[in-house]
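If you want the building blocks of each chain, they are given just below.
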Amino acid sequence: MGELPHFVELNDLASERVGGKILFATDDWFAVAENLLKPENPVWKEEDFTEFGKWMDGWETRRKRIPGHDWCIIKLGIPGLVYGFDVNTAFFTGNYAPRVSIQAACLENDDGFPDRTSEMGSAASEEQFEAMKKLNTEAWDEILPMREMGSGNPATCNNILEIPLRKRWTHIRLNMFPDGGIARLRVYGVASPDWANIPSNQLLDLVAMENGGVCVGYSNVHYGHARNLLTKPRSKVMKDGWETARRLDRPAILTADENGVLQVDGSEWCVFRLGHHGTIKEVEIDTNHFKGNFPDSCTVEGAMVVAPKNKRKVSVARMGPIQQGFKGLNWRFILPQTKLSAHKQHFFKGAEVQDIGVVSHVRLTMRPDGGVSRMRLWGYKQGTPTIPEETRKASIPEERSKEKAETQAEP
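Residues numbered from 1 in each chain as written. Predicted model: local features only at pLDDT ≥ 70, side-chain atom pairs only at ≥ 80, totals over all residues. Heavy atoms only, no water.

**Q** Any chance you could break down the state of the cysteines for me, citing the residues and the numbers?
**A** What the rule picks out here adds up to zero disulfides. Unpaired in terms of disulfides, Cys270 finds its nearest cysteine sulfur in Cys215, a separation of 6.0 Å. Assessed through its relative accessible area of 0%, Cys270 is described here as buried. (Disulfide = S-S within 2.5 Å. Buried < 20%, exposed > 50% of the residue type's maximum accessible area, 1.4 Å probe, protein only.)

And the structure:
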C-alpha cells in the first residue's frame, strides 16, 4: 500500500470502545451495521454460516432488488474534527460495496431517530423510514463525495480517504451504492470539546482522547499503538494498550540500583499534544493486563510548544515514528524516573509530581520496553486550547516528514 497518510495515526472517533453507536441502518440481512464500529480488526471464519447466509465480520446488506441504495447513521462516540476515513472491506471479496459516500452533521441530540434493533435478517420498517425522512439526513453536508472501493483482498481492502473540510461533527451518514459489505469504518480525527464551558478550576484529564489529546509521535508500537493510552475506559485486554517490541540492546545480564530500578541505556517513548494548555497536578500510569511484559520504570516530561498564529502545523506535530522533531524541545520532568509494577494502576500526586508550569506536550518514556495500558494526566487548563478555533477549518497539516526514526534509538 505504501506509506499511509499521517491522519491514520489519529484517534478513531466512531469506535464502539469510545461510545460510537449505530442509530439507523436500511438493512442488516447478512451482518449488522454495529460491526463497523468494532475496535478489533475484522476476521474470517471459513466454515461459519448463519440461517441468512455466510457469516461476515462487518456490515452486509442483501442484494438489493428494489429502488434506492443502502445507508446507515453513526453517532460518533466523541464529537470532533474529522481528518479522514478508512473504509475497510476486508474479506468482502465478491460482495463488497462498490462505491460509498459520507455525509455529516453537528446535532445537539438524537431526538427523532427511531428505536433500533440490531438483528441479522432484518431491514428498516416503513415506520422507521418515515421517521428518518423527517430528519432529512440526505441533506447533510457531503464531506466525502462518491468514491469507488477496493475489494476485500489484503492489497486493496483499506480504502484510506482524506477530507479537506475541517469542522466539528457529531453524526455520520455512510452511504453504500447500491448494496454490499463493509467490514469496518474508522473515523480518524481529534476531539473538539467546548472549552469555553469548562471552568479553569475544574480538574480534568488534559491528555484524554475526549478532551482533544492526540499522539504525535512514538519510537515503537509493535504490538499496540500509543494512542490507546488516551482511551477513556480502562483496558479490557492487553492489546488495548501501548506495547513495544523487546529492545535488542538490552544488557546480557541485567543489574539494578539501590532502589531496584534496572540500569539500562535504551528506552521507548511516545509524545502527546494535550487537548488544552495546562498545568499537570496528578499522574496515573496503568499497566493493567501487562503482567510479564510491563516496563521496569517510566518518566513523564512536559514541554511548551507555541504554534505560529493561526497555524496548527509546527515541527513537533508530526504523526508517526519521528525522532528528530522532539529532540529540540525543552523537556522537563513532571514525573521523575519511577519504578513500575505489573497489572497495576499507579497514582502519583503531591510532592511526587513536579510543578513545571504550563505545558502543551508531554512525553512518556518507558525503560527498557514493554506495555502500558493507560496514562491519565490530571490538571487545570491554562491559556488556550492546543487547536485554536480559527484553525479548525484550516487545511490539513503537511504530510509527515519522510525522515523515520530507527526504533532502537532513544529520543
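**Q** Describe the environment of Thr244, listing the residues and the values that go with them.
**A** Structurally, Thr244 is set in the loop between β17 (242–243) and β18 (268–286). C-alpha separation for the pair Thr244 and Gly224, spaced 20 residues apart in sequence, amounts to 7.0 Å. Sequence-distant contacts of Thr244, that is, excluding residues within four places in its chain, are made with Asn220, His222, Tyr223, Glu268, Met366, Asp369 and Gly370. (Helix = DSSP H or I, 4+ residues; strand = E, 2+ residues; numbered from the N terminus. Contact = heavy atoms within 4.5 Å.)

**Q** Provide a residue-level description of the confidence of the model for the chain, including the pertinent values.
**A** Residue-level pLDDT values for the chain average 90, and 89% of them are 70 or greater. This model gives residues 310–321 a pLDDT under 50, and the stretch forms 46 contacts once residues within four places in sequence are excluded. (pLDDT = per-residue confidence, 0-100.)

**Q** Residue-level account of the pairing of strand β7 (residues 70–88), with values.
**A** Most of β7 is tucked away, with 16 of its 19 residues classed as buried. Here strand β2 (residues 21–25) runs beside β7; their pairing, made up of four bridges, is antiparallel. Residue pairing in the sheet places Ala25 in a bridge with Cys72 of β7. In terms of strand pairing, β7 meets strand β12 (residues 168–177) through eight bridges, oriented antiparallel. In the sheet register, Leu81 faces β12, and the bridge partner there is Arg168. As defined by bridge partners, β7 adjoins strand β11 (residues 158–162) across five bridges and the pair is classed as antiparallel. Bridge pairing in β11 links Asn88 to Asn158. (Pairing = 2+ DSSP bridges.)

**Q** I'd love a proper account of the nonpolar core, names of residues and values included.
**A** Across soluble globular proteins, nonpolar side chains have a tendency to be buried as a group. With 66 residues, the main nonpolar core has Phe85, Phe272, Val283 and Ile285 as its most contacted residues. Of all the elements, β7 adds the most residues to this core, at seven residues. Residues contacting Phe272, with those up to four places away along its chain left out, are Val207, Val214, Cys215, Val216, Ala226, Leu229, Leu230, Ser360, His361, Val362 and Met375. Of all hydrophobic cores here, the second largest spans 17 residues; its members include Phe7, Leu81, Val190 and Val214. (Core = buried A, V, L, I, M, F, W, Y, C linked by side-chain atoms within 4.5 Å.)

**Q** Hey, could you go over the packing of aromatic side chains for me, with residue numbers and the actual values?
**A** For any pair of aromatic rings, geometry is given as the distance between the ring centres together with the angle between the planes. Applying the stated criterion across every chain yields a total of five aromatic pairs. Both rings, one in Phe7 and one in Tyr188, keep their centres 6.2 Å apart while their planes meet at 55°; by these two values the pair is tilted. With Phe7 in the segment before β1 (11–12) and Tyr188 in strand β14 (residues 184–191), this pair connects stretches of sequence that are 181 residues apart. An identical accessibility class is assigned to Phe7 and Tyr188; each is buried. Relative to Phe52, the ring of Trp29 has its centre 5.2 Å away and its plane inclined at 75°; by these criteria the two rings are edge-to-face. Here Trp29, found in the loop between β3 (27–28) and β4 (49–50), pairs with Phe52, found in the loop between β4 and β5 (53–54); they are 23 residues apart in sequence, far enough to count as distant. Taken together through their ring pairs, the aromatic side chains of Phe24, Trp71 and Phe129 make up a single cluster. Its guanidinium or amino end placed over the ring of Phe49, Lys54 lies 5.4 Å from that ring's centre, counting from NZ or CZ. Sitting above the plane of the Trp71 ring, Arg173 keeps its charged end 3.7 Å from the centroid. (Phe/Tyr/Trp six-rings, centres within 6.5 Å; stacked < 30°, edge-to-face > 60°. Lys NZ or Arg CZ within 6 Å of the ring centre and 35° of its normal.)

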